[in-house]
Amino acid sequence: MRIESRQQFDTAVAAARDTRLSKGREVWVCCGTGCLANGSKAVAQAFDDRIREDGLQASLGLYHKTTGCHGFCERGPLVVIQPEGLLYTRVRVSDVPEILDRTVRNGEVIPRLLYKDPATRQSYAKYDEIPFYKHQIRVSMRNIGRIDPEDLDDALAHGAYAGLAKALFQMTPDQVIAEIEASGLRGRGGAGFVTARKWKACRKARGDRKFVLCNGDEGDPGAFKDRSIMEGDPHGVLEGMIIGAYAIGAHEGYLYVRDEYPLAVVNVQKAIEAARERGLLGTNILGTGFAFDLRISRGGGAFVCGESSALMRSIEGRTGEPRAKYVHASDKGLFDLPTNLNNVETWADVGAIIVNGGAWFAGWGTERSKGTKAFSLVGKVKNTGLIELPMGTTLRHILYDIGGGMLKDRPFKAVQTGGPSGGCLPADKLDLPVDYEILSENGSMMGSGGMIVMDDRTCMVDVARYFLKFLSEESCGKCVPCREGLKQMLLIFDDIVSGRGKTGDVERIERLCQGMQLGSLCELGKSAPNPVLSTLRYFRAEYEAHVGRKACPAGMCRDLTAYEIVQESCTGCHQCPKVCPTEAISGGAKMKHVIDQAKCISCGACFDVCPEDCIRFFPRAEAKEAAHANADH
Amino acid sequence: MPTLTIDGHTVHADHGQFLLAACRSAGIQIPTLCDHPAVEPYGGCRLCVVDVTRPEWNGWCKMVVACLFPVEDGIVVHTASTRVIEVRKVVLDLLLARCPDTPLVRDLAARHGILATSYVRNQQPTDCILCGLCTRICDRMGMSAIGSVDRGAGREIATPFREPPAACIGCLACAEICPTGFIRYESGTARRKIWDKDFDMLRCPRCGRSHITVAQADFFAGRGGVPRSYFEICDVCKRKDLAVAATRLACATETPAR
């Protein structure tokens with residue numbers, strides 16, 4: 001039924017709370033992409049079947065649902081039992097009867113399924129006590145994992161659209177913008193442009209027809225926050241967009257989602273239809289007379305379409321290529337009409353800011369970066385996943401307290417933030433508070449909130465090369481510096497990592513970087529040198545070792561690295577020959593093992609598996625010299 | 001009327017004019033490869049970069065492409081600052097690696113002091129500089145028969161599915177606008193071939209010269225209320241007709257009829 005007044009809205013929310021917030025127990029099964037890949041669909045189905053068979057719904061007042069991503073994807077499938085807030089990890093279908101019998105019926109905790117801290121071996125029963133969750137403050141992700149993304153009533157019961165109701169019934173568009181301004185909200189897509197300033201410019205722009213767009217073209221390697229938000233709480237994004245449209249005076253909008261996020265496309269589409277049906281979207285929203293409707297535009301997977309002008313061209317049905325932005329999108333954007341584009345996370349913050357006030361949001365953060373920020377924490381840390389933290393949190397806190405420290409306790413080397421446009425920060429930058437300016441000043445950037453943690457077995461030259469390769473494939477090729485520059489830069493890097501580096505290569509790279517930064521058309525090309533420049537800034541010695549000594553200090557560049565087994569410490573455990581793909585290791589069980597250099601491809605599998613740390617890597621150039629010396633004898 | 005300073009000269013520009021035009025009207029030469037009066041500016045070659053600043057910016061400059069930057073009152077433009085020249089050199093050096101045998105690129109690079117590329121020479125040298133003039137003129141003609149395919153270093157100009165393009169009318173606008181002669185075609189008295197597509201030529205009924213393809217005449221016929229017959233007679237014969245008409249008129253004034 002359509003909601004057509006404040007009173008009807010309040011009634012609808014109260015009704016939703018009645019049906020959706022159970023007084024008894026609730027079982028939430030995470031069906032985010034990560035958990036789905038781990039088999040959570042079958043787990044949810046098993047709960048469904050058992051509960052129906054045993055008539056538990058009626059007898060216990062049991063309510064169960066599937067939710068979006070809890071962020072702790074590594075431990076999936078995740079199951080949360082309410083009201084205790086128990087978190088069960090890595091739940092299998094065979095665990096379902098036991099959970100229902102012991103936990104749901106009798107309130108017993110099943111220790112086997114609890115999260116165990118890898119560092120302290122301590123088990124945690126409650127969701128909120130787990131270090132990964134304990135330190136988080138969730139605003140944009142407030143309802144992810146708590147609501148069934150396909151159920152509008154569940155979203156209403158958890159506070160969705162309360163901000164919209166407040167904005168439409170109690171506030172003028174200018175008041176909405178003032179509230180956003182007070183919150184200090186800045187673009188969560190990475191550039192950090194002040195959201196209120198953007199909205200104001202678009203509101204002031206001449207024209208009756210304006211657009212509100214959402215950028216869901218998240219494509220950075222290792223980033224998945226926008227995906228989780230769209231999948232887990234599509235209503236939060238819609239609410240923000242409707243409020244934004246009201247503030248700006250727009251009546252049409254597009255949600256640009258990359259087609260590689262099929263679940264996001266489906267969930268957002270369902271949310272749009274449900275919202276339209278209830279009068280939260282379309283003509284006469286909540287009976288106020290305000291009209292706004294929006295459509296999904298599916299992206300074809302080009303990374304560059306996350307760039308605002310390319311995104312708009314793509315929605316128009318043209319080739320997704322950037323164009324010069326000397327005229328702002330707020331004046332001439334989509335179809336050359338005034339347009340306001342914000343990132344998924346930015347939109348998801350809006351509803352909560354309107355409900356709680358700008359000052360509430362600005363209560364977190366640093367002087368110039370306010371509020372909370374979502375990060376995708378990946379790489380060589382114990383706890384990977386999706387997190388949201390106040391701005392200004394130190395990298396050390398993120399990596400060690402939430403991430404649980406380095407995987408296998410190897411030494412930390414660098415953390416890459418901001419995706420391909422970002423940079424790598426070394427160990428002495430770990431105590432930096434994370435905010436837009438501080439990351440930029442140190443050669444990296446906020447970007448999409450991706451954080452890739454790297455240990456000592458990471459070659460920084462190779463990391464820079466990886467991002468160059470990614471960008472050279474994703475550059476649209478419209479302008480010369482980006483298209484030809486990335487191609488040539490990659491060729492130089494290919495030479496360096498394969499031992500063909502020449503004196504002067506580093507200087508050539510630096511000159512090319514400057515040309516690209518100044519000369520490229522869009523931010524993709526302008527920021528493409530960042531991974532190179534930041535690794536050069538902090539790990540220049542590694543470049544020099546590659547070029548000068550033909551050595552890879554991390555032992556990761558295969559063409560430069562050789563492995564040998566230290567005979568004194570080899571215990572003959574015979575694990576390394578089992579993993580060697582080229583059968584280069586000889587020696588039976590309980591015997592000393594030897595690597596045949598002619599057969600070894602330097603993959604490092606033996607190094608990773610050796611329990612005694614008795615495999616050593618060294619520059620291949622030395623091995624050749626030694627061979628020469630032997631031959632000369 | 002916006003007044004700006006370009007390399008120390010005061011220049012009065014028109015509203016909505018782009019900086020490149022303002023520079024050229026002031027007699028300041030700026031190299032370009034993708035700019036052409038027949039099509040919208042593109043900003044792809046990046047050779048027309050200039051530094052723009054304002055007195056109140058305390059020396060801070062932003063680098064823009066002149067072909068797309070709308071003139072603003074009071075801006076100060078440097079078209080040959082050290083970093084502008086440096087970016088142009090990097091661009092030309094890169095283009096020379098891509099098109100090492102193309103005279104246009106070689107000449108322009110040489111004028112900037114680059115005689116050989118400092119990067120890796122293209123293994124399969126091409127004359128296509130990807131300036132996008134051909135695809136833009138084709139769009140402008142209303143055909144969109146060709147486009148750019150693939151992206152990044154693999155980008156190239158091609159027809160849909162690399163087949164003879166259905167929409168092409170054989171007008172040769174792409175080949176004529178191409179600054180390097182990369183787009184090849186054959187044109188004879190009876191047939192024309194471009195993009196692997198064959199066209200029948202239309203002969204002028206007066207002089208018998210082939211001057212237009214049948215597809216072109218068909219496409220233009222009826223557009224803007226011009227009859228097909230208008231396109232059938234070639235330009236030379238049309239001019240002759242005009243001359244004949246003019247003579248007749250002139251004779252008529254000299255000796256009034258009756």
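Small disclaimer: the values here were computed from a predicted structure and weren't measured. Every chain's residues receive numbers from 1 upward, in the order its sequence appears when written. Working convention: letters from A go to chains and numbers from 1 go to ligands, in the order in which they are written. Reporting of local features is limited, given that this is a predicted model, to residues whose pLDDT is at least 70; pairs of side-chain atoms are given and counted only at 80 or more, and all residues count toward the totals for whole chains, interfaces and linings. Processing note: side-chain calculations cover all non-hydrogen atoms of the structure and skip hydrogens and water entirely.

(A) Inspection of the overall build of chain A at higher detail. When helices and strands are counted, chain A shows 26 helices and 19 strands. Computation of the radius of gyration draws on C-alpha atoms, with the globule rule given as 2.2 Å multiplied by the number of residues to the power 0.38. On C-alpha atoms alone, chain A measures out to a radius of gyration of 27 Å, which is about the 26 Å that the 2.2 N^0.38 rule sets for 633 residues. Overall size of chain A, expressed as C-alpha extent along the three principal axes, is 95 × 65 × 40 Å. Every residue pair with non-hydrogen atoms within 4.5 Å of one another is taken to be in contact. Here the contacts in chain A between residues at least 6 apart in sequence split such that 71% fall between residues at least 24 apart. Here the open area of atoms and residues is found with the Shrake-Rupley method and a 1.4 Å probe, where only the protein chains shown may cover a residue. A total accessible area of about 24300 Å² is found for chain A, and carbon and sulfur atoms account for 50% of it. A gap of 2 Å separates the mean positions of the 80 positive and 80 negative side-chain charges of chain A. To qualify as a helix, a DSSP run of H or I must reach at least 4 residues; to qualify as a strand, a run of E must reach at least 2; elements of each kind are numbered from the N terminus. By the counting scheme adopted, Arg and Lys are positive, Glu and Asp are negative, and His together with the chain ends is not counted. For this purpose, a charge sits on NZ of Lys, CZ of Arg, CG of Asp or CD of Glu.

(B) How the structure looks around helix α21 (residues 505-519) of chain A. Between its first and last C-alpha, α21 of chain A extends 21 Å over 15 residues, near the 21 Å set by a 1.5 Å rise per residue. For every residue, the accessible area (1.4 Å probe, protein chains only) is compared with the maximum for its type, and the residue is labelled buried under 20%, exposed over 50%, or partly exposed between those bounds. Of the positions making up α21 of chain A, those classed as buried are D505, V506, I509, L512, C513, G515, M516, L518 and G519 of chain A. The inward-facing, buried residues of α21 of chain A abut α20 (480-497), α22 (523-527) and α23 (530-549) of chain A together with β4 (62-65) and α2 (82-98) of chain B. The span one expects for a helix is its residue count, reduced by one, times 1.5 Å.

(C) The packing of aromatic side chains, seen in detail. Residues and elements named next belong to chain A. Two aromatic rings from Phe, Tyr or Trp, using only the six-membered ring of Trp, form a pair when their centres are within 6.5 Å; if the ring planes differ by under 30 degrees the pair is stacked, by over 60 it is edge-to-face, and anything between is tilted. Within this structure, the stated rule accounts for 23 aromatic pairs over all chains. Each ring, one from Y466 and one from F467, has its centre 5.1 Å from the other, and the planes form 75°; the classification is edge-to-face. Judged by relative accessible area, which is 43%, Y466 ranks as partly exposed. Through a chain of ring-to-ring contacts, three or more aromatic side chains come together here, namely F72, Y115, Y124, Y127, F132 and Y133.

(D) Structural detail: the sheet that holds strand β4 (residues 86-88) of chain A. Residues and elements named next belong to chain A. Taking strand neighbours across the sheet as the criterion, the four strands line up as β2-β1-β3-β4 in an open arrangement whose pairing is mixed. Each of the sheet's edge strands pairs with one partner strand only, and the pair in question is β2 (63-67) and β4. Averaged over all adjacent pairs, the angle separating strand axes in this sheet is 20°, with direction ignored. For strand β1 (residues 26-30) and β2, the ladder comprises five bridges, and the chain directions are parallel. For E26, the partnering residue across the bridge sits in β2 and is Y63. As a rule, the C-alpha atoms of each element are fitted with a line to give its axis, helices using only the stretch in contact, and angles between N-to-C directions run from 0 to 180 degrees. With respect to the sheet, helix α5 (residues 96-105) is in contact with β1, β3 (79-82) and β4, its orientation differing from that of β4 by roughly 165°. Paired strands, as defined in this entry, are two strands with at least two bridges between them according to DSSP.

(E) Fine view of the side chain of K225 of chain A. All names here are of chain A. Turning to its location among the elements, K225 is positioned in helix α11 (residues 225-232). Throughout this description, a polar contact denotes any pair of N or O atoms lying within 3.5 Å of each other; where both atoms belong to protein, one of them has to be capable of donating a hydrogen while the other can accept it, and for residues adjacent in sequence the pair is counted only when both atoms sit in side chains. At a separation of 3.2 Å, a polar atom in the side chain of K225 contacts the side chain of N343. K225 has contacts with R188, E218, N343, E345, K373, A374, S376, L386 and S448, leaving out every residue within four places of it along the chain.

(F) Spatial organisation of the layout of surface pockets. All names here are of chain A. Method remark: on a 1 Å grid restricted to protein atoms, a set of points is classed as a cavity if a 1.4 Å probe fits but cannot get out and as a pocket if it is open with protein on both sides within 12 Å along at least five of seven lines; lining residues have an atom within 4 Å of a point. Grid points are joined across faces, edges and corners, and a volume is the space filled by probe spheres set on the points. As a volume, the second largest pocket reaches approximately 590 Å³. In terms of lining, the second largest pocket is formed by 25 residues, of which the most central are K380, R410, D455, R457 and T458. Those elements that place two or more of their residues in the lining of the second largest pocket are β15 (450-455), α19 (460-474) and α25 (605-609). Residue polarity follows a fixed list, in which Ala, Val, Leu, Ile, Met, Phe, Trp, Tyr, Cys and Pro are nonpolar, Asp, Glu, Lys and Arg are charged, and the others, Gly among them, are polar. When its residues are assigned to classes, the lining of the second largest pocket shows 13 nonpolar, four polar and eight charged.

(G) Representation of the nonpolar core. Among the nonpolar cores identified, the biggest contains 115 residues, and Y161 and F292 of chain A are the most heavily contacted of them. Considering each element in turn, this core owes the most residues, nine residues, to helix α12 (residues 234-248) of chain A. Leaving out residues up to four positions away in the same chain, Y161 of chain A has contacts with F9, L152, L156, H235, L238, E239, I242, A275 and L280 of chain A. By convention a nonpolar core is built from buried Ala, Val, Leu, Ile, Met, Phe, Trp, Tyr and Cys residues, the set being connected through side-chain atoms within 4.5 Å. A554 of chain A together with C23, C45 and A66 of chain B belong to the second-largest nonpolar core, a separate cluster that totals 100 residues.

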